[in-house]
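The residues making up each chain are set out below.
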Amino acid sequence: MFKKKTESNVDTTKDASSEDKDQPWAELGLTQDEYQLIREILNRRPTSSELAMYSVMWSEHCSYKSSKIYLRQFGQKVTDEMNKHLMVGMGENAGVVDIGEGLAVTFKVESHNHPSYIEPFQGAATGVGGIVRDILSMGARPVAVMDQLRFGAPEHPDTARVVHGVVDGISNYGNSLGLPNIGGETVFDARYQGNPLVNALAVGVLKHDDLKLAKATNPGDLVILFGARTGADGIGGVSVLASETFDDDGPSRRPAVQVGDPFAEKVLIEACMELYELDVISGIQDLGGAGISCATSELAANGDRGMEIQLRNVLLRDESLTPEEILMSESQERMMAIVNKRNLKKFEQIMNKWEVEYSILGKVLADEKLVIRWDEQEIVNVPPKTVAIDSPVYERSVEYPTWIDELNANSSESLPRETEPSEIAAQIIQIASSANQADKSWITSQYDRYVLGNTALSMPDDGGMIRVNEESGLGITMATDANGKYCQLDPYQGAKLALAEAYRNVAMTGARPRAVTNCLNFGSPENPEVMWQFKQATTGLADGCVEASIPVTGGNVSFYNQTGDVAIYPTPVVGVLGVIDDVARRIPSGWQDTGHNIYLLGTTKDELDGSAWAEVIHDHLGGKPPEVDFQKEMELADLIHGANIQGMVASAHDISEGGLAQALVESSLRFGNGARIWLGELMERDGIDLTAALFSESQARAIVSVGREDDVKFVGLCEARGVPIVRIGVTDLESSALEIQGIADIDLLELKSAHVRTLPELFS
Amino acid sequence: MKIGVITYPGTLDDRDAQRAIKLAGATPVPLWHASDDLKGIDAVVLPGGFSYGDYLRCGAIAAQAPATKEVIKKAEKGLPILGICNGFQVLVEAHLLPGGLIRNEKQHFVCRDQRLRVENSDTRWTGMFSENEEITIPLKNGEGGYIADDETLKYLEDENLIAFRYLDVNPNGSMNEIAGLSNKQGNIVGLMPHPEHAVEPGFGPDTPIATRSGIDGLRFFQSVIGQVVG
Amino acid sequence: MPKIIVEIMPKQDLLDPQGKAVANALKRAGNSEIDATRIGKRIELHYKEQPTEEDLEKAKELAKDFLSNSVIEDVVDVYIEDQN
Amino acid sequence: MPKIIVEIMPKQDLLDPQGKAVANALKRAGNSEIDATRIGKRIELHYKEQPTEEDLEKAKELAKDFLSNSVIEDVVDVYIEDQN
Ligand SMILES: Nc1ncnc2c1ncn2[C@@H]1O[C@H](COP(=O)(O)OP(=O)(O)O)[C@@H](O)[C@H]1O
Ligand SMILES: [Mg+2]
C-alpha cells in the first residue's frame, strides 16, 4: 500500500527555492496570512516538511496564539513577595518552586480533552503519560498525579462509555508508573456531554542543583532521541502532506489516536533519573504535541542556538513514514536529550542498562538555524525561533455575552425553601447522593494511592499530601478546583472562586499555599463571547493570585471545547501547591475523637445562586456566584496553620459545594463517627434562615473539630485574629448518627449507603 | 541480616519493600533482575509493580529473568522468599506456588484497605502472627483473582497452605477467598495485598485510632528476621 | 458446544506495547528468527444450537461494533468452528 | 510478513471473569442465542523469512512454555499463516 520514500520525491529546500507550487496550508489549519508570513520568513515557499512544522507549531495548541496576550498577566501582575520562592516561572515545561531544605517542586496540569472523547482509554492514559514527561523533563522525579474529570449527564447513554474508558486509562497508566494518585475532581453536567474534560496533573520533586531546562546551548553537543520508536501515532492531520508525495495510491490513512505504553514510560523515568544523578545531559525536552518538530525547534530556540539533524537516524516502528510524518508524529514515551560528547559513553551505558533504544540525530549549531536532512537532501532550513517562539499572536475579538444579564437576573431568591424538618433532612440526603456530591471512591479506588510510601493524605481528604523528605518530614499538599457553573454566571469571579477553593483545601490540610498552576478549558476562541469569558477568567485568576499573594507558575490552555455552537461552561481548573514542615502534622477532614467541639469558622451569607442546592433540588442555574475575599481566605488559612502548629486542630474540612450540610456529611462519614449539631446560634448571628445555614456556599468557611482541652485557647486565637467562630456541635462516637437538632437524625449507615451507592449504581 | 529486593523493569514497590525491611531492623539489599548475583542475602522479597508492563501475563516475563532463576534454585534450599502482589504473580509463573492469578472479577483495578485472616502462622514470614489473627493491610491490583483446579485447591486446604484469606470483601473474586499462599516448607510466601505499605505510622491504612496509622505489615518482615536470628 | 470464533488484532499502524514486550522477551531468550510479535484477542462465542449463517452475520456485526474497538483494533476473522 | 499464529484460551473448567462479563453484556443487549463467552489470546509471531516446519515446532514449544501458562491456559492452535 505504501511506497517507500525515494530520494527523488522528497521536497527539498532547493526545490522550494527554485519552483513554486500550490500547498495545502488551509487543510493544515494555517490561515492565508500565516502561510504568507512563513513565505516572508523564509524568502521562498516552505518545503512540505517546513510547512508541516510551522503548521503544527503555530497551531492554537502549541503556540497559544489566542491566549498569549491574556496569559501575560500571570507574569506581570506579581509582587516580589509572590516571586520569593519561584525558581522557574511561566514559559518553561513546568514551573519550579523552592520548598526549602535544598528541594524544589515542579507541578503542572494539562488537558487531554479531545482524544479522551474519541478513545477514552488511550486518550486519558496518554494524557497522564504526557504530563508526567513534562515534569520529568524539568529534572524532577515525578511523585504523584491527580486527575480533573468532567463528564456529561450521568444518565446519558454515552456517559458510561467515557467514564469507564477515562477512569480505566488513568488507572492503567498512572498505576503502572508507580505514581500515587492523590486527588482530583469529578463533575457531571450535560454541558460536557459531547466534550468531556480530562485534565491530568503531575508533581515532581528535585534537588535545586538538578534543575534542567529545555535548552541547547553548547555548539557541538549531540542531539539524541531516546525512548519508544517513532510510529504513525496522532498524525491523522498530516495525511494531506503525505498524499502529495505518494503517487496515485491516495492519501495514507494514518491513525489520529495515540497508544500509550506505561511500561516504556516507567523505564524512561528510571533511565532519566540516572541521567540526572550522573549529570550526563546538558538539556532535555519531552516529546508531546508536535513531536520532533517541537523538541528540536524549542531546544534550539531556548538556547539561542541552532541544530543539524539527520532525520534518517530516527528509529522507526513503521518504515513507510514520510519525513513530514516523522517530524509530526506524536508517538508517546520519547524524550530528546542534549549530551556533550564526553558524556556519550555514560549515556549509552544507562540506556543499555534500562534497555531503552536511542539514536543520535545530530548536533547543536552555533548559528540560529535548524537544518534537517533526509539522507543528503536538505528538507528543512529555518530560524528555530520563528517556529517555536515568534508564532503569530492574535488579539481575538471580544464581545460581552448579553445572555449573561438575563442569567444573572434569574437568581435563586424565588426558589421555594422548605421549613418542614423531615423535608430538609431529605434534601441533605438528596444532595449528598447526587452524582456531583456523592462519594467518588468508585473512581478513586481504581487508583493506587499507596505506592512510594509517602502519601500522607489522599482522597477523600481536602488535599493530597506527600512527604518529600523522609528524614525531616517536609511535605507538600496539592488541591485542584474549578466550578463551571460559577464561571458561567461570572467568569471573572468564577476563576477567583476556583483559586479560593483550592487555596482553602490546601490550607485545611495544615499546609501553607505557595504556588498556582492552571488548565483553562474553554470553547472556541473564534467566538467573541468565549473570548470574553477567557479574558474575564484569566484576569480574575491573575487578580486573585495577587490578592492571595501566590504566583501562577505555569499551566495549559484548551480551546475548542464545544459541540456545534454550544461551548462547555468556562472551566478554569486551578491547582494550588502548599508546603508543610512536617507531614506528621497533617489534618484529616473528619473527626475521630469523641466529645470534641465542632466549630464553624467564617461568616455565612445567603448565597445559594449556582449552588448544589439550586441544582439538585430545583434544577436551577442563575444569579451571581458567591463573593470572594482573599483577605478572609488568608486569615482562615493562617488561623488553621497557627492552631495546628500548637496541635489544636483535630480535623478540618472546608465548606464548598453543598454548603455546611455537605461538609458535615463528609466529616461524619470520613471515619464513620457521629455528631450532634445545632444551628440556632449561627442563624441568629448571621441573620440567615435554615436553608442558607445548611446549603449556602459562602466562601472562607470551614468546620473544625477541637479537643476540650484546647477549647479556650482555640476560641481565643480565633477572636484575637478576627476569624468569626461559632460552636455548632460536638462529636459523639457513641452515636451512629449525624443529628442536627430539631431537624434531622440521620443514621450514618443509611447516609453512607446513600452517599456511596450513586456512582456504582450508575456505572457498575 | 540481609534481605534482597529484586527490581525488574516496571517494578514499583521496590523502594517501599526496602524501607519496610529497614524499619523491621534488617539491611535491604537491592538486586537487579539481569544479574544472577544474589549478593549473599539471607532472604528475598519479590516486590509489587508491573514487571515488564505485566504484558502477556502478570509476572510471566519476570519469571524468566536471571535473578528469578537464581531465586528458584535457592528456593529448594530453603531461602525465605516473599512475593508481594506482582512478586506473588512471579512466584506462580515460576511454579514455586501453584495456581494462577487472573483479572479481577469486576474487571477493575482495586485499591483498598483490606482485612485479612492469617490462616497459617507457621511460615518464615508469618511467625509473629497468631493463628487466625485479623490484620488490615492495603491491597492494590488489577489481576489478583486466584484460580486453581479442584485438586490443587483441595491440596492447599488439606495441607494448610493457604496463608491468608480475605475478610469482609473478596476484592478480586479469588477462589476460596485466597489472599496468599505458602509452600509446604514454609519458606515461600506469596500474597496479593501489600504488607510493605503498612509499616510506618502515618502512611499505612486508616485505623479507628488515627489516620493512616496501621502497621500490621511490619511483622511479615520481623518474622523472617526473628526466625533466622533465633 | 457449538462456537463462533472472533479474532481481533490491534491495528497495524498503532503501537502494540504488549506485543513489543513479548517480542523483546523472545529475543532475549535467543529467538532471533522472530522479528515482531502482536497480541490480539481470540473470543469464543458459545451457542446453544449449531450457529446458522444468520448467526454468523450477527456475530460479525457484534465483532465490529461491540467486541472490538474500531478506533484501535481490526477484526481479522469471524467463523463458525468446525465440530469434530 | 510471514507469520505463525498461536491461539491460547483459558482452561475450560476454570473461571474466565472477562468472558463472563462480556457474555453478560451480550445477554443484556438481547443476544439470547449466545450462551457463554470465553476470551483468549491470538498471538502473531512475525518471521523475517517464511517459517519452516522446524520454526513451527519451536513455536509450539514457545507457545506451551512461555506464551501460555499451562496451569490456567490451553494452547488451542499453532499454525503457519497462509500467505495470499
Ligand atoms: N477523579 C478523581 N481522581 C482522584 N481523586 C478524586 C477524583 N474525584 C474526586 N476525588 C477526590 O475525592 C475527594 C472529594 O472530592 P471533592 O468533593 O471534589 O473535594 P473538594 O470539594 O474538597 O474539592 C477529594 O479528596 C478529591 O481529591
Ligand atoms: Mg474540600
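In this report, we go over the structure that sits alongside the text.

Criteria and cut-off values
- Residues numbered from 1 in each chain as written.
- Chains lettered and ligands numbered in written order.
- Predicted model: local features only at pLDDT ≥ 70, side-chain atom pairs only at ≥ 80, totals over all residues.
- Heavy atoms only, no water.
- Helix = DSSP H or I, 4+ residues; strand = E, 2+ residues; numbered from the N terminus.
- Rg over C-alpha atoms; globule rule 2.2 N^0.38 Å.
- Buried < 20%, exposed > 50% of the residue type's maximum accessible area, 1.4 Å probe, protein only.
- Areas by Shrake-Rupley, 256 points an atom, 1.4 Å probe, with all protein chains shown as cover.
- Lys, Arg positive; Asp, Glu negative; His and termini not counted.
- Charge placed at Lys NZ, Arg CZ, Asp CG, Glu CD.
- Donors = N, O, S within 2.8 Å, 3.2 Å for Na, K, Ca; no water.
- Contact = heavy atoms within 4.5 Å.
- Buried area = accessible area lost by both parts, 1.4 Å probe.
- Salt bridge = Lys/Arg side-chain N within 4 Å of Asp/Glu carboxyl O.
- Polar contact = N/O pair within 3.5 Å; in protein donor to acceptor, adjacent residues only side chain to side chain.
- Pairing = 2+ DSSP bridges.
- Axes fitted to C-alpha atoms, helices over the stretch in contact; angles between N-to-C directions.
- Left-handed = near helix turned anticlockwise from the far one by under 90°.
- Nonpolar A, V, L, I, M, F, W, Y, C, P; charged D, E, K, R; others polar.

### What about the overall build of chain C?
Counting its secondary structure elements, chain C contains two helices and three strands. The N-to-C order of helical and strand elements in chain C reads β-α-β-α-β. Relative to the compact-globule value of 12 Å for 84 residues, chain C shows a C-alpha radius of gyration of 16 Å, a clear excess of over 25%. Reported as C-alpha extents along the three principal axes, the dimensions of chain C are approximately 45 × 35 × 15 Å. The proportion of buried residues among the 84 residues of chain C is 52%. Just so you have it, chain C exposes about 4000 Å², and 46% of that area is on carbon and sulfur atoms. Averaging the locations of the 12 positively and 18 negatively charged side chains of chain C gives two centres separated by 7 Å.

### So, the coordination of the magnesium ion (ligand 2)
Residue and element names in this part refer to chain A. Looking at the metal site, the magnesium ion (ligand 2) is ligated by Asp 462 (OD), Asn 505 (OD1) and Asp 654 (OD), spaced 2.1 to 2.6 Å from it. Each donor residue of the magnesium ion (ligand 2) belongs to the same chain, and together they define the spacing D-x42-N-x148-D. Linking Asn 505 in helix 20 (residues 491-508) with Asp 654 in strand 23 (residues 651-654), this pair joins segments that are 149 residues apart in sequence. With relative accessibility at 5%, the residue Asn 505 sits in the buried group. Residue Asp 654 is classed as buried on the basis of its relative accessible area of 4%.

### Some thoughts on the interface of chain B and chain A
If you look at the interface, chain B gives 35 residues, while chain A gives 40 residues. Between chain B and chain A, roughly 3000 Å² of surface is buried when both sides are summed, and carbon and sulfur atoms account for 50% of that area. Viewed at the interface, chain A and chain B are joined by six salt bridges. When the shortest N-O distance is used, the salt bridge between Arg15(B) and Glu270(A) registers 3.2 Å.

### A short note on the side chain of Asn673(A)
With respect to the secondary-structure elements, Asn673(A) resides in the loop between helix 24 (659-671) and strand 24 (674-677). Here Trp591(A) takes part through its backbone oxygen, which lies 2.9 Å from a polar atom of the side chain of Asn673(A).

### Brief notes about the sheet that holds strand 4 (residues 141-151) of chain A
Residues and elements named next belong to chain A. Taking strand neighbours across the sheet as the criterion, the six strands line up as 1-2-3-6-4-5 in an open arrangement whose pairing is mixed. The sheet is open, and its two edges are formed by strand 1 (86-88) and strand 5 (181-188), each paired on a single side. On average, adjacent strands in this sheet sit at an angle of 25° to one another, irrespective of strand direction. With two bridges connecting them, strand 1 and strand 2 (residues 95-100) associate as antiparallel partners. Opposite Leu 86, over in strand 2, you have Val 97 as the bridge partner.

### Thoughts on the packing of helix 23 (residues 630-645) of chain A against helix 27 (residues 711-721) of chain A
All names here are of chain A. With their axes 11 Å apart at the nearest point, helix 23 and helix 27 run at an angle of 145° to one another. Regarding helix 23 and helix 27, the two cross each other, and that crossing is right-handed. On helix 27, the residues touching Asp 638, Leu 639, Gly 642 and Ala 643 of helix 23 are Phe 714, Leu 717, Cys 718 and Arg 721. Considering only residue class, the contact of helix 23 with helix 27 consists of five nonpolar, one polar and two charged.

### A look at the pattern of salt bridges
Residues and elements named next belong to chain D. For the coordinates displayed, the defined rule picks out 79 salt bridges over all chains. We note a salt bridge from Glu 44 to Lys 3, for which the minimum N-O separation is 3.8 Å. Placement of the pair is Glu 44 in strand 2 (residues 34-47) and Lys 3 in strand 1 (residues 3-10), with a sequence separation of 41 residues. Taking relative accessible area as the criterion, Glu 44 reaches 6% and is therefore assigned buried. With relative accessibility at 16%, the residue Lys 3 sits in the buried group.

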